[in-house]
Amino acid sequence: MKKNSGVGRLSSRTWASIVIFGLIGQIAWMIENMYFSRFMQNEITRAPYATTLLVALSAVFATLSTLIGGALCDRTGRRKSFICWGYVFWGFTIMVFALMPMKPSPEKVIPAVILVVAMDCVMTVIGSISNDAAFNTWITDISNTANRARVDTVLAIMPLFALAIVFVGFDGLTNADATTDDWKKFFLMLGVVPTIGGIIGLFLMKDKKGLKPNKSASFLSDFTYSLQPKVIRENKMLYICLCGNMISSIAYQIYSSYLFNLVEGTLKIKNYIIPVAVIMVVAAGGSVIVSTLIDKYGKRNFYYPVILASIIGSIIIWSAKFLIGKNETAEIILLVIGGILVIGVGLIMAGLFTASYRDYIPKGKEGLFQGCRMAMYVLVPMIAGPIIAQIIINAANQGVRETEIVYPVELFLGAAAVMCLCFIPASIVRNKQDEHHNQLLKELNTDTN
């Protein structure tokens, strides 16, 4: 494996844009992916159908919006304007949730569910165009095979920093004792963040030099480009990379929407701020170290150990159930060890499958291939994962009233079982890794000489 040269260097301004927009975007998605689910479970209904509906429809709208946004980015030759102005309006949609009705009477639960889901879809459309389509296209523009594992892993740890910010600073406004006013404060204060970020970006961010509008095909053709059978056949390795990410994301989606209630309600760990903080810090730091090694020595040797670590981590967290009410210290230790492995692996996967996927994107098609990424990385996982979770939850709560539903730690066993399938795409991708990586490095070094 050839060591990377200066072609992997990025300017401080570029790194600042990566970090700021990556972090703020993940704060917004953290609210949508985890706190909207908690809001639904604590303030509307604990029935799993509501959370499943929330996540699944969000995924559908996210995918459609990214297909549209990706096509617009390439057709207009712009990324910055979609990102910055999108973040401004993204924040407004979060603030609107402060107006949502809470604690509805039984006959008003379904209308309340529909209203929350509908507003979540509106927020998702704006966020997907600005972040999933435009920002990810911009990332593909400014990165290359010599730095993508590092760039994508830095982006992958942003959810942890986002979780730390939201969790430490605002989680008290959303727990089981939260009032209607607490939730309103939560949505209003955090909704301001993307709006301010978008304004900052207007002065900080720059599009890659030389971008030109590409209207060689019709909008409909651009919209469906990455989903066309011919395109899939011509770029099969790109889709195999996405398959690996898809499987990993399905595993994550099985438990992620119920994570807070799993720790606080099922495992009965009330003082979970310090354990969660340890998990986030160690997982983030470890993933950055590993991603640096991946960029230096290549991705090939990291696939199998990373997947295995995720499976082991999920089993460790599941085993904590046997210590509930008996030994909380040992229970927390298992949660921390398992959590570091599971969360850390989720981050490192971005330095493997996502970075590899970017390597296979044909030049000039960066925006058009964001739609297939959303379909396989978001749409399928956010439908399949919650459905698997609902099956597991319903099986564990047979005959239990809706208000007494408990979210079982067997959700982590389901995640471990799904992760086993990840070995299949990993074995294909790693066999092609060295040859393709070295070819791209050679091209980069030729271009810079």
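Computed from a predicted model, the values in this text were never measured in an experiment.

What counts, and where the lines are drawn
Residues numbered from 1 in each chain as written. Predicted model: local features only at pLDDT ≥ 70, side-chain atom pairs only at ≥ 80, totals over all residues. Heavy atoms only, no water. Phe/Tyr/Trp six-rings, centres within 6.5 Å; stacked < 30°, edge-to-face > 60°. Lys NZ or Arg CZ within 6 Å of the ring centre and 35° of its normal. Axes fitted to C-alpha atoms, helices over the stretch in contact; angles between N-to-C directions. Helix = DSSP H or I, 4+ residues; strand = E, 2+ residues; numbered from the N terminus. Parallel < 35°, antiparallel > 145°, perpendicular 65-115°, else oblique. Left-handed = near helix turned anticlockwise from the far one by under 90°. Contact = heavy atoms within 4.5 Å. Nonpolar A, V, L, I, M, F, W, Y, C, P; charged D, E, K, R; others polar. Patch = residues over 30% accessible without salt bridge, like charges linked within 9 Å, V, L, I, M, F, W, Y side chains within 5 Å. Areas by Shrake-Rupley, 256 points an atom, 1.4 Å probe, with all protein chains shown as cover. Salt bridge = Lys/Arg side-chain N within 4 Å of Asp/Glu carboxyl O. Buried < 20%, exposed > 50% of the residue type's maximum accessible area, 1.4 Å probe, protein only. Expected span 1.5 Å × (residues − 1). pLDDT = per-residue confidence, 0-100. 1 Å grid on protein atoms, 1.4 Å probe; cavity = no way out; pocket = protein on both sides within 12 Å on 5 of 7 lines; lining within 4 Å. Points joined across faces, edges and corners; volume = space filled by probe spheres on them.

## Brief notes about the packing of aromatic side chains
Ring pairs (aromatic) are described by centroid distance and by the angle formed between their planes.
Here is step 1 of the chain: Counted by the stated rule, this structure contains 21 aromatic pairs.
Here is step 2 of the chain: Each residue in the set Tyr35, Phe36, Phe39, Phe97, Trp183, Phe186 and Phe187 is aromatic and connected to the rest through ring pairs, giving one cluster.
Here is step 3 of the chain: Taking the ring centre of Tyr304 as reference, the NZ or CZ of Arg430 above it sits at 4.5 Å.

## Topic: the packing of helix 3 (residues 80–95) against helix 4 (residues 109–142)
Here is step 1 of the chain: Look at helix 3 against helix 4: their axes get within 9 Å of each other, and the N-to-C directions meet at 155°. When the axes of helix 3 and helix 4 are compared, the pair comes out roughly antiparallel. In terms of crossing hand, the pair formed by helix 3 and helix 4 is left-handed. Contact residues: helix 3 offers Phe82, Ile83, Gly86, Tyr87, Phe89, Trp90, Thr93 and Ile94, while helix 4 offers Met119, Val122, Met123, Ile126, Gly127, Ile129, Ser130, Asn131, Ala134, Phe135 and Trp138.
Here is step 2 of the chain: Taken together, the residues that form the contact of helix 3 with helix 4 break down as 14 nonpolar, five polar and no charged.

## A few points about a nonpolar patch on the surface
Here is step 1 of the chain: Where nonpolar side chains cluster on the molecular surface, the patch consists of Ile274, Val278, Val281 and Val282 and spans about 370 Å² of accessible area.
Here is step 2 of the chain: Looking at where Val281 falls in the secondary structure, it is placed in helix 11 (residues 273–297).

## Some remarks on the environment of Asn394
Here is step 1 of the chain: Note that Asn394 resides in helix 14 (residues 370–396).
Here is step 2 of the chain: Along the primary structure Asn394 and Pro48 are separated by 346 residues, whereas in three dimensions their C-alpha atoms are 8.1 Å apart.

## Let's talk about the side chain of Thr63
Here is step 1 of the chain: Relative to the assigned elements, Thr63 resides in helix 2 (residues 48–76).
Here is step 2 of the chain: Using a relative accessible area of 5% as the deciding quantity, one classes Thr63 as buried.
Here is step 3 of the chain: Excluding residues within four positions of it along the chain, Thr63 makes contact with Gly371, Met374, Ala375 and Leu379.

## A word on helix 6 (residues 180–204)
Here is step 1 of the chain: In this model, helix 6 (25 residues) spans 37 Å end to end at C-alpha, consistent with the 36 Å of a helix rising 1.5 Å per residue.
Here is step 2 of the chain: Taken together, the buried positions of helix 6 are Asp182, Trp183, Phe186, Phe187, Leu190, Gly191, Pro194, Thr195, Gly197, Gly198, Gly201 and Leu204.
Here is step 3 of the chain: The elements touched by buried residues of helix 6 are helix 1 (12–44), helix 3 and helix 5 (148–170).

## With respect to the confidence of the model for the protein chain
Here is step 1 of the chain: Residues with a pLDDT of 70 or more make up 93% of the protein chain, whose mean pLDDT is 84.
Here is step 2 of the chain: Highest mean pLDDT in the protein chain belongs to helix 15 (residues 410–419) (95); lowest belongs to helix 16 (residues 423–448) (69).
Here is step 3 of the chain: Contacts for the low-pLDDT stretch residues 1–5, under 50 throughout, to residues beyond four places or in other chains number 15 contacts.

## Points about the layout of surface pockets
The rolling of a water-molecule-sized probe over the atoms marks out the regions of remaining empty space.
Here is step 1 of the chain: By volume, the second largest pocket amounts to about 270 Å³.
Here is step 2 of the chain: If you trace the second largest pocket, you find 13 residues lining it, with Gln41, Ile44, Thr45, Arg46 and Thr403 closest to the centre.
Here is step 3 of the chain: The leading source of residues in the lining of the second largest pocket is helix 1, at four residues.
Here is step 4 of the chain: Among the residues making up the lining of the second largest pocket, the classes are represented as four nonpolar, five polar and four charged.

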